[in-house]
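# Understanding the architecture of this molecule
Single-letter residue listing:
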Amino acid sequence: MNVLNKLKETLISVLPIVLIVLILGVTVVPLEKELLLRFIPSSLLLIAGLTVFLLGADIAIQPMGERTGAELTKKRKLWLILLTAFLIGFIVTVAEPDIQVFANQVQNIYPSINKLFVSLVIGLGVGFFLMAGLLRSVLNLSVKVVLFIAYLILFFVSIFTPDSFFAVAFDSGGATTGPMTVPFIMALGIGVSNVRSDNKNSFGLTGIASVGPVLAIMLYSIFMNKAGLLNSLGASDVISTNSSFTALSVILKEVIISISPVFVLFIIFQLTLLKLTKRQLFKIIIGFAYCFTGLTLFLFGVNNGFMQAGLALGKKLGELVNVNGGAWYILLLITGLVFGAIIVCAEPAVWCLSEQVEQVSGGTIRRKMLLIFLAGGTSLAIGLSLWRAVSGFNLKYILIPGYLIAFILMIFSPDMFSGIAFDSGGVASGPLTSTFVLSFTIGASSGAAGNSDSFGVIALVAMMPLIAVQLMGIIYKFKTRGTR
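These figures come from a predicted structure and were not determined experimentally. (Residues numbered from 1 in each chain as written. Predicted model: local features only at pLDDT ≥ 70, side-chain atom pairs only at ≥ 80, totals over all residues. Heavy atoms only, no water.)

## Focus on the overall build of the protein chain
On a plain count of helices and strands, the protein chain comes out with 18 helices and zero strands. A buried classification covers 59% of the 484 residues belonging to the protein chain. Of the contacts formed within the protein chain by residues at least 6 apart in sequence, a portion of 87% connects residues at least 24 apart. Accessible surface, the protein chain as shown: approximately 18,800 Å² in total, 69% of it carbon and sulfur. (Helix = DSSP H or I, 4+ residues; strand = E, 2+ residues; numbered from the N terminus. Buried < 20%, exposed > 50% of the residue type's maximum accessible area, 1.4 Å probe, protein only. Contact = heavy atoms within 4.5 Å. Areas by Shrake-Rupley, 256 points an atom, 1.4 Å probe, with all protein chains shown as cover.)

In structure tokens form, the structure reads like this:
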């Protein structure tokens, strides 16, 4: 049964994190008993929620996106495809729970910044670049050329971007691609490509869409800086260090805001474009119900014990590093490396991506192999994030050389793998990264008296898969060449 397979995948991904927190929390880094008692049921809720959500995404989100993309392409009206892509990108992104959390973090550091306006700016960026990504697919342009031009423009604009907003901008690209956005965007791209009989051309759409919010936030920060409105409070813990309880009503409101715009889009598409049978319609509605239930359980678990345990664990390890250094510093980095390797496999969007990659490639690219390379890249990213959190060096020293390496690898990596790599960069930084990993890093920085802000963690997690997956592509190319 499909639900049992999803449950097995989720258990394999999440249980190692739970075990590590419990082992450290009762031995070398003792945590409060109350927090540990909350952590266990919250982890079970997270596992149940992730399982149900992934099942719902398979039943509703993916088929809806593929059918919409296919039907739009059959209309052979480019303006309709592009307009629909813009609306989808804008509506789904503004409704994304990760964006609400991210915008709130930005406002905590920069009180003069309007939280809603940040969300709207990010939504506009995704809408425009999703439109550009589908245009690339329709015109059959090289994904490498489009990505290279997009990032060339991005890094040119970054010259004029205030240093304090550089990390914020790149974090916004990773925060955009959450559990609602990614399945829909990827399925939309596959639907368009299927009509062209070139489904391997679908990869890269999420990667291109992720450039939009980064560029949009950079332009927004330049404007705000010239207007003298970028007055920050300095580094601060953007997640409270207490064990606050997030009410179910608040979670339900977030989930309704997240899912309802996508459901409304589905109704509009059904009436004007899809014309599904009653049986197909009922199946997709059931899938949406699964997504709603799963996301509610997932966010409730994350916000009521899982995230707080990460913050407390990071803070205690950081304090030990600050007082004793040496072996404790190594333990902090090793813990971060292990968390990075494990947590990427628990991201809902990563499972959606890996499953679609295996299907589209006809099984030549195995899900397990992709997850291994993603885990390795994310592990290194979390290690670098903790190093930066404790020492406080400039994010540009890692991010700019990292992207240069990614674009050099693009020359040698097959086109499909480059597209998958940039898609992976977006999906690796999902809800678990922006909650557990971010809180763990903030805790470590606070405990070790680090002088970096909370931004940059998501940016590094989004960057490392670009290198890891393209290395996988180069290895794959040499192996297939050798078998001919």
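Structure's up, so let's keep going.
## A closer look at the packing of aromatic side chains
Applying the stated criterion across every chain yields a total of 21 aromatic pairs. The interplanar angle of 35 degrees and the centroid separation of 5.8 Å between the aromatic rings of phenylalanine 155 and phenylalanine 170 together place this pair among those described as tilted. Here the residue phenylalanine 155 occupies a position in helix H6 (residues 143-158), and phenylalanine 170 occupies one in helix H7 (residues 163-176), the gap between them amounting to 15 residues. The two residues phenylalanine 155 and phenylalanine 170 agree in class, both being buried. Seen from their ring centres, phenylalanine 339 and phenylalanine 436 are 5.1 Å apart, and the 80 degrees between their planes marks the pair as edge-to-face. Within this pair, whereas phenylalanine 339 is found in helix H12 (residues 327-343), its partner phenylalanine 436 is found in helix H17 (residues 431-447), the two being separated by 97 residues in sequence. Phenylalanine 436 carries the same exposure label as phenylalanine 339, and that label is buried. A network of ring pairs unites the aromatic residues Phe148, Tyr151, Phe155, Phe166, Phe170, Tyr403, Phe407 and Phe422 as a single cluster. The ring of phenylalanine 166 has lysine 396 lying over it, and the distance from NZ or CZ to the ring centre is 5.0 Å. (Phe/Tyr/Trp six-rings, centres within 6.5 Å; stacked < 30°, edge-to-face > 60°. Lys NZ or Arg CZ within 6 Å of the ring centre and 35° of its normal.)

## As for unusual backbone geometry
Within the chain, asparagine 140 stands out as a residue other than glycine whose phi angle is a positive 60 degrees. Among the secondary structure elements, asparagine 140 is positioned in the loop between helix H5 (115-139) and H6. In this model, lysine 275 sits at a positive phi of 55 degrees, which is unusual for a non-glycine residue. Turning to its location among the elements, lysine 275 is positioned in the loop between helix H10 (248-274) and helix H11 (278-324). Taking the relative accessible area as the measure of exposure, lysine 275 reaches 56% and is therefore exposed.

## So, the pattern of salt bridges
All told, the structure shown has two salt bridges when counted by the stated rule. The residue aspartate 415 makes a salt bridge to lysine 144 at a minimum N-O spacing of 3.3 Å. Of this pair, aspartate 415 sits in helix H16 (residues 415-427) while lysine 144 sits in helix H6, and the two are 271 residues apart along the sequence. (Salt bridge = Lys/Arg side-chain N within 4 Å of Asp/Glu carboxyl O.)

## Things to note about the packing of helix H2 (residues 33-75) against H10
Remark: H2 packs on H10, axes separated minimally by 11 Å, with the N-to-C direction vectors making an angle of 40 degrees. In terms of their interaxial angle, H2 and H10 are classed as oblique. Judged by the twist between their axes, the crossing of H2 over H10 is left-handed. Within the contact between the two elements, H2 uses Ile61, Met64, Arg67, Thr68, Glu71, Leu72 and Lys75 and H10 uses Val262, Leu265, Phe266, Phe269, Leu273 and Leu274. (Axes fitted to C-alpha atoms, helices over the stretch in contact; angles between N-to-C directions. Parallel < 35°, antiparallel > 145°, perpendicular 65-115°, else oblique. Left-handed = near helix turned anticlockwise from the far one by under 90°.)

## Details of the packing of H7 against helix H9 (residues 205-226)
One way to put it is that H7 packs onto H9 with a least axis distance of 7 Å and a crossing angle of 150 degrees. One way to sum up the angle between H7 and H9 is to call them roughly antiparallel. Remark: the crossing between H7 and H9 carries right-handed chirality. Contacts from Phe165, Phe166, Val168, Ala169, Phe170, Ser172, Gly173 and Thr176 in H7 reach Ser210, Pro213, Val214, Ile217, Met218 and Ser221 in H9. Split into classes, the residues belonging to the contact of H7 with H9 amount to nine nonpolar, five polar and no charged. (Nonpolar A, V, L, I, M, F, W, Y, C, P; charged D, E, K, R; others polar.)

## Focus on the confidence of the model for the protein chain
Per-residue pLDDT for the protein chain has a mean of 82; in total, 89% of the residues score no lower than 70. Note that residues 234-243 has pLDDT below 50 and, in this model, 25 contacts with residues that lie over four places away or in other chains. (pLDDT = per-residue confidence, 0-100.)

## Let's talk about helix H3 (residues 78-95)
Given 3.6 residues per turn, any residue in an α-helix points the same way as the ones three and four places further on. Between the first and last C-alpha of H3 there are 26 Å, a value that for 18 residues agrees with the 26 Å anticipated at 1.5 Å per step. Among the residues of H3, Ile81, Leu82, Thr84, Ala85, Phe86, Ile88, Gly89, Val92, Thr93, Val94 and Ala95 are the ones counted as buried. (Expected span 1.5 Å × (residues − 1).)

## Focus: the side chain of serine 413
Relative to the helices and strands, serine 413 resides in the loop between helix H15 (396-412) and H16. You can call serine 413 buried: its relative accessible area is 2%. Aside from chain neighbours lying at most four places away, what touches serine 413 is Lys144, Ser418, Gln470, Gly473 and Ile474.

## Points about the nonpolar core
Membership of the largest hydrophobic core comes to 151 residues, with the highest contact counts inside it found for Val21, Val106, Tyr151, Phe170, Phe288, Leu399 and Tyr403. For this core, the element with the most residues is H11, which contributes 14 residues. The residues touching leucine 399, leaving out its near neighbours within four places in the chain, are Phe166, Phe170, Ala459, Leu460 and Met463. (Core = buried A, V, L, I, M, F, W, Y, C linked by side-chain atoms within 4.5 Å.)

## Re H16
Here H16 contains 13 residues, and its C-alpha end-to-end distance of 19 Å stays within 8% of the 18 Å for a straight helix at 1.5 Å per residue. Within H16, twelve of the 13 residues are buried, leaving the element largely enclosed by the surrounding structure. Every buried residue of H16 is listed here: Met416, Phe417, Ser418, Gly419, Ile420, Ala421, Phe422, Asp423, Ser424, Gly425, Gly426 and Val427.

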